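# Observations on the three-dimensional arrangement
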Amino acid sequence: MSSSDIFIGETIGTAILILLGGGVVAAVTLKRSKARNAGWLAITFGWGFAVLTGAYLAGGVSGAHLNPAVTLGLAIQGGTPWGDVPLYLGSQLLGAMIGAVLVYAVYYGQFHAHLTDPEIVGTKSAEEGMVDQVSAPKAGPVLGIFSTGPEIRNGVQNVVTEVIATMVLVLAILTQGLNNEGNGLGTLGALITALVVVGIGLSLGGPTGYAINPVRDLGPRIVHAALPLPNKGGSDWGYAWVPIVGPLIGGALAGGLYNLAFA
């Protein structure tokens, strides 16, 4: 496939992935959203449908990698030329940033209603039960809409979680959805991959929020840092390496395991 095919397919597909995936988190999180407090099931199925839509749209154009870990796994497996890898990764990052900006545009009013509520952006005194509007929390009250964060901050455990979850995803893609010519996911493969993502979210997503995709985390985190949101807090760059390194290791291991066990 041509460079323009890769760029267009990966940019649009990843943008749709992040728009729908980040959108469901925004819907569940933000004040004045009709879906507020819909819960983890809504988020996991929303991300699954996001993957299905992005993969279906981009599959016939670029192969619908939509994820550097998938691209790396495919390059190791032999289905993607190494020379195409930088273009895939750059297009995916651009698409992820575009998708995050679109989430902000859709939920603009809700973001501002949420971030100007003292009960959300302030701190509550246990003794007085009063809200003290000081600086927003370090990780910010809406950062989870844009990127992931751990429930227990332990670098080794967090990386291991992302490695294992990403291995499951990439192995499922390598063994179920791709043909030998590298033409990408068929309709059934896209559906299987979406269901795998739902399963990962339900089973393995609890510790870290299952990034399983470096640009899914990095692109929106960059957008969060740049957006003029009031009281948004920090972007937690101290954790940002985990959802990059973990999925890349997981994708590489999946590609190697595929060559050992399935090739």
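The structure under discussion appears in the preceding block.
Residues numbered from 1 in each chain as written. Predicted model: local features only at pLDDT ≥ 70, side-chain atom pairs only at ≥ 80, totals over all residues. Heavy atoms only, no water.

### As for the overall build of the chain
Summing up its helical and strand segments, the chain has 11 helices and two strands in all. Looking at the chain residue by residue over its 263 residues, the buried ones come to 48%. Counting contacts in the chain only where the partners sit at least 6 residues apart, residues at least 24 apart contribute 77% of the total. Of the accessible surface of the chain, which amounts to about 11,500 Å², a share of 64% is contributed by carbon and sulfur atoms. (Helix = DSSP H or I, 4+ residues; strand = E, 2+ residues; numbered from the N terminus. Buried < 20%, exposed > 50% of the residue type's maximum accessible area, 1.4 Å probe, protein only. Contact = heavy atoms within 4.5 Å. Areas by Shrake-Rupley, 256 points an atom, 1.4 Å probe, with all protein chains shown as cover.)

### Regarding the pattern of salt bridges
Counting across every chain of the model gives three salt bridges. Across the pair Lys31 and Asp117 runs a salt bridge whose closest N-O atoms are separated by 2.8 Å. Residue Lys31 is found in the loop between helix 1 (3-29) and helix 2 (40-62), and its partner Asp117 is found in the loop between helix 5 (108-115) and helix 6 (118-121); the two are separated by 86 residues along the sequence. In this structure Lys31 comes out as partly exposed when scored by relative accessible area, which is 24%. In this structure, the salt-bridge partner of Arg221 is Asp217, at a minimum N-O distance of 2.8 Å. Note that Arg221 and Asp217 are positioned in helix 10 (residues 214-226) at a spacing of four residues, about one turn of the helix. (Salt bridge = Lys/Arg side-chain N within 4 Å of Asp/Glu carboxyl O.)

### Let's talk about the environment of Gln157
Relative to the elements of secondary structure, Gln157 occurs in helix 8 (residues 155-176). You can call Gln157 partly exposed: its relative accessible area is 35%. Taking the C-alpha atoms as reference points, Gln157 and Pro207, separated by 50 residues in sequence, lie 8.7 Å from one another. Leaving out residues up to four positions away in the same chain, Gln157 has contacts with Ile152 and Pro207.

### Regarding the environment of Ala263
Within the secondary structure, Ala263 is located in the segment after helix 11 (242-261). A relative accessible area of 76% places Ala263 in the exposed class. Linking Ala263 and Gly78, residues 185 residues apart in sequence, is a C-alpha distance of 10.0 Å.

### Remarks on the nonpolar core
Counting residues in each nonpolar core, the largest one holds 49 residues, and the members touching the most others are Trp47, Phe111, Ile145, Phe146 and Leu229. Among all residues touching Phe146, those that are not within four sequence positions of it are Ala100, Phe111, Arg216, Asp217, Pro220, Arg221, Val223, His224, Leu227 and Leu229. (Core = buried A, V, L, I, M, F, W, Y, C linked by side-chain atoms within 4.5 Å.)

### Topic: the side chain of Thr148
Structurally, Thr148 can be placed in the loop between helix 7 (143-146) and helix 8. Of note is the side chain of Thr148, whose polar atom sits 2.7 Å from the side chain of Asp217. Beyond its immediate sequence surroundings of up to four residues, Thr148 is in contact with Thr208, Gly209, Tyr210, Ala211, Arg216, Asp217, Arg221, Tyr239 and Pro243. (Polar contact = N/O pair within 3.5 Å; in protein donor to acceptor, adjacent residues only side chain to side chain.)

### Re the side chain of Thr14
Note on placement: Thr14 falls in helix 1. Every residue in contact with Thr14, bar those within four places of it in the chain, is listed here: Leu66, Gln92, Gly95, Ala96 and Val215.

### A short note on helix 3 (residues 68-77)
Of all 10 residues in helix 3, eight are buried; the element is thus mostly enclosed. Those residues of helix 3 not exposed but buried are Pro68, Ala69, Val70, Thr71, Leu72, Gly73, Leu74 and Ala75. If you follow the buried residues of helix 3, they end up packed against helix 4 (85-106), helix 8, helix 10 and helix 11. Between the side-chain oxygen of the N-cap and the backbone nitrogen of Ala69 there are 2.8 Å, and the N-cap of helix 3 in question is Asn67.

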